[in-house]
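The primary structure of each chain is shown beneath.
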Amino acid sequence: MNTASGNTVKVLLIEDNPIHVGLVKTLLAESKSPVFQLQFAGTLQAGLNQLDAASVDMVLLDLTLPDSEDLDTFIRVRSFAPAIPIVIVTSLDDIKLAAKAVEAGAQDYLVKTQLSRTSLIRSIRYAIERTRVRDAEWDSPMFRLAQRQFLKAAQFMGLDDNIRQRLLFPQRTLVVTLPFRRDHYTEVETVFGYRVQHILTMGPTKGGIRYHQDVSLGEVSALAMWMSWKCALVHLPFGGAKGGVRIDPTGLTSHELQRLTRRFATEISPIIGPEKDIPAPDMGTNERVMAWIMDTYSQEKGYTVPAVVTGKPLVLGGARGRNEATGRGVVYLIQEAAKHLKMNLSECTAVVQGFGNVGSHAALFLSELGVKLIGVSDATTGIYNRHGLSMPSLLEYVAKNRFLEGYPEGDQISNEELLELKCDILVPAALQNQITAENADRIQCKLLAEGANGPTTLEADEVLNEKGVFILPDILANAGGVTVSYFEWVQDTQNYMWTLEEVNQRLKSILKDAFHRTLNRAQKNQFDMRTAAMIEGVERVSQAKLARGLYP
Ligand code: NAD
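About the thresholds
Numbering of residues begins from 1 in every chain and follows the order in which that chain's sequence is written. At least 70 in pLDDT is required for a residue's local features to be given in this predicted model, at least 80 for side-chain atom pairs to be given and counted, and no such filter applies to totals for whole chains, interfaces and linings, which use all residues. Hydrogens and water molecules were not included; the side-chain quantities draw on all heavy atoms of the structure. Each salt bridge in this description consists of a side-chain nitrogen of Lys or Arg and a carboxyl oxygen of Asp or Glu lying within 4 Å of one another. By the criteria applied, helices consist of DSSP H or I runs no shorter than four residues and strands consist of E runs no shorter than two, each listed in order from the N terminus. Each residue is placed in one exposure class: buried if its accessible area under a 1.4 Å probe, protein chains only, is under 20% of its type's maximum, exposed if it is over 50%, and partly exposed if it falls in between. Here a residue counts as near a molecule or strand whenever at least one of its heavy atoms sits within 4 Å of it. Two N or O atoms count as a polar contact when they lie within 3.5 Å, although within protein this holds only if one can serve as hydrogen donor and the other as acceptor, and sequence-adjacent residues are included solely when both atoms are side-chain atoms. Annotation comment: domain bounds sourced from an automatic or database domain assignment. UniProt positions are given in the numbering used here, feature names are shortened, and annotations may be inferred rather than shown by experiment. The span you would expect from a helix comes to 1.5 Å times its residue count less one. The contact criterion used throughout is that any non-hydrogen atoms of two residues lie within 4.5 Å. Each pair of strands is called paired provided DSSP finds at least two bridges between the two strands. Looking down the strands as they point away from you, a crossover is right-handed if its path from the first strand over the helix to the second goes clockwise. Paired rings are identified among Phe, Tyr and Trp, the last through its six-membered ring, by centres lying within 6.5 Å, and are further divided according to the angle between planes into stacked (under 30 degrees), edge-to-face (over 60) and tilted (the rest). Only C-alpha atoms enter the line fits that serve as axes; for helices the fit covers just the stretch in contact. Angles between N-to-C directions range over 0 to 180 degrees.

Applying the stated criterion across every chain, the model contains 31 salt bridges. Among the salt bridges present, the one from aspartate 62 reaches lysine 112, with a minimum N-O distance of 3.1 Å. With aspartate 62 in strand E3 (residues 58–62) and lysine 112 in the loop between strand E5 (108–111) and helix H5 (117–135), the pair connects residues that are 50 residues apart, well separated along the chain. Here the two residues aspartate 62 and lysine 112 agree in accessibility, since each one is buried. Across the pair glutamate 536 and arginine 521 runs a salt bridge whose closest N-O atoms are separated by 2.8 Å. Taken as a pair, glutamate 536 in helix H19 (residues 529–548) and arginine 521 in helix H18 (residues 500–525) lie far apart in primary sequence, 15 residues in all.

Laid out in structure tokens, this is it:
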């Protein structure tokens, strides 16, 4: 292995049990490539002293030491040497604690009684490689969140370690730099773009394309991973993918957006296609962008290929109901959750963060059910009216002014204040990372329906679960979009179009089925809804992987 010190890996084992020290020593001693240089420390303080004095490539850490216990041990080593990968070595009774350390940033955990030469060396090697990868492009809070959610589910379900290691990172990623001409003809802008395919096992891959100034390989990879679990959870024959361009699309004219999109489509065209990978809209993109991608791909092929993207305009083979499908799905699931929680929706209040595709449709369908909408927001402002907001008036205002700023029929509040409003139903439908350890305590809803991807951190999740908030996790709550995208792909490949009633009926029955499977699993095993939904998805992927076997 090519480490900082050539083919030698310097491992510090912090462990007070001489039997385990002896075992690790024996297991590592015979390896020739890499050669392991093992140092030991029997207490935390001795370990920190060694970290201070000598160069170390990674730490193997027992959490229960004579001078430190529990997560504190991990946190102290981590804060002392933040850049050094840590793998927890744990006994079976401490496995939950070890998983918590992984959630908090440890690279992996190993169970002492199951230690073998292969598992130990592999875990050390991967820990060092992953840290290096994270230091580069992949590192993003979202990717870390996606990996930790996955590791938590993997731990609860006892996932096969071979599969666990494979699923932690995407199968295929494409990074492109692409130039496009600004309207000022001599000005050429070069931006970064990505397409990531997480697993190719389940069929073609599927996932949106995002235009946003914060897009990175890590963010796109997290979204691709969530797409895998989402598609598997609702039983669609797709693996997860995602793409994006790091640019603020609100600063582009329509002509610039079109040139950027066509060049991006050309750059990713080798890996997309109706049987390979099918993009769709996400933040900052819409049906017009999908039409340009479809046209560019078709021009390159020499014939029309409608099934290369979904979320297209109807006239190009788009599905009826696709545009509003994610918001509609969020509301179908809220209806199921409300039945379970015995909430009467016509007496409920709701707050929706984000007034784009998902947020505005969720707000619209909720208010059609008689839910009183008391707060909405977008990137410019939040609007609050305790007597209820009028959807027709909000939609008319945004159609005219693009943003909510200045909307007269309510008080202007910040997005932070909006999330903390007392309400029955809260729908975050804008960005990731909105409900965190910092504000989770002040969230006052009964039901949280995650329209956005990744709006809640794991730390916040725990606080909300303790408070008894019922969570419809993103991979379930916003699965309506990809489900109707699947319908669109099916219609395009069969050249047979469905009615809106057919689309909505099938959407409802697929989401209801996924909701009840998730709820049953959560109730049967005392899991929270997110872990139950993740396990539903991961289990299906893992079964498919085992059924296909390993090539070659
Ligand atoms: P969109 O671009 O149509 O709308 C995003 C909205 O969020 C806009 O109103 C924008 O003003 C607002 N916003 C941006 N920054 C904000 C901030 N800091 N605070 C508050 N609001 C802010 O995007 P969309 O398609 O509605 O996607 C929203 C979320 O839903 C994303 O997380 C996306 O990944 C997820 N999602 C979308 C779909 C889909 O079909 N469009 C499907 C599944 C999940």
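As a further point, take the site of the ligand. The immediate surroundings of the ligand are formed by 22 residues, with Arg210, Asp282, Thr326, Val358 and Asn453 found nearest. Within the backbone of asparagine 357, an N or O atom sits 2.9 Å from an oxygen atom of the ligand. Side-chain polar atom of asparagine 415 to a nitrogen atom of the ligand: 3.3 Å apart, as the coordinates give it. Residues lining the shell around the ligand come from more than one domain, with at least three contributed by each of domain 2 (141–316) and domain 3 (325–481 + 512–529).

This paragraph deals with the UniProt feature "modified residue: 4-aspartylphosphate" (unreviewed entry) in the chain. UniProt marks Asp62 with the feature "modified residue: 4-aspartylphosphate" (unreviewed entry), using the numbering shown here. Taking relative accessible area as the criterion, aspartate 62 reaches 7% and is therefore assigned buried.

Take helix H10 (residues 287–301) next. The terminal C-alpha atoms of H10 lie 21 Å apart, and with 15 residues this matches the ideal 21 Å at 1.5 Å per residue to within 8%. Three or more residues of H10 are buried, namely Val289, Met290, Ala291, Trp292, Ile293, Met294, Thr296, Tyr297 and Ser298. Those residues of H10 hidden inside the fold are in contact with strand E8 (205–212), helix H9 (254–268) and strand E10 (277–281). Glycine 302 occupies a position one or two residues after H10 and carries a positive phi of about 95°.

Another aspect to go through is the pairing of E5. Of the two faces of E5, the one carrying Asp108 and Leu110 and the one carrying Tyr109 and Val111 are both buried. The pairing of strand E4 (residues 86–90) with E5 spans four bridges and is classified as parallel. Within E5, the residue paired with valine 87 across the bridge is aspartate 108. Since E4 and E5 lie parallel, the crossover through helix H4 (residues 95–103) that links them has a hand, and here it is right-handed.

What follows concerns the packing of aromatic side chains. Taken as a whole and judged by the stated rule, the model has 10 aromatic pairs. On the numbers, 5.5 Å between centres and 70° between planes, the contact of phenylalanine 143 with phenylalanine 169 is edge-to-face. Here phenylalanine 169 lies in the loop between helix H7 (161–167) and strand E6 (172–181) and phenylalanine 143 lies in helix H6 (residues 141–157), a separation of 26 residues in the sequence. The pair formed by phenylalanine 143 and phenylalanine 169 is uniform in burial state, with each residue classed as buried. Summarising the aromatic geometry, the rings of tyrosine 486 and phenylalanine 487 are spaced 6.0 Å apart at their centres and angled 50° between planes, so their arrangement reads as tilted. Assessed through its relative accessible area of 21%, tyrosine 486 is described here as partly exposed. For phenylalanine 487, a relative accessible area of 2% corresponds to the buried category.

What follows covers the sheet that holds strand E16 (residues 447–449). In spatial order, the strands read E14-E13-E12-E11-E15-E16-E17; together these seven strands make up an open sheet with mixed pairing. Here the strands that pair on one side only, and so sit at the sheet edges, are strand E14 (411–413) and strand E17 (470–472). Between one strand axis and the next, the sheet turns through 20° on average, direction left out of account. Looking at chain direction, strand E13 (residues 382–384) and E14 are connected through three bridges and run antiparallel.

In this section: the pairing of strand E12 (residues 372–377). Burial of E12 is extensive: five of the six residues sit out of reach of the surface. Read as a crossover between parallel neighbours, the route from strand E11 (residues 349–353) over helix H12 (residues 357–368) to E12 is right-handed. Alignment of E12 against E13, held across three bridges, turns out to be antiparallel. What sits directly across from serine 377, in E13, is glycine 382. Hairpin connection of E12 to E13: four residues between the antiparallel strands.

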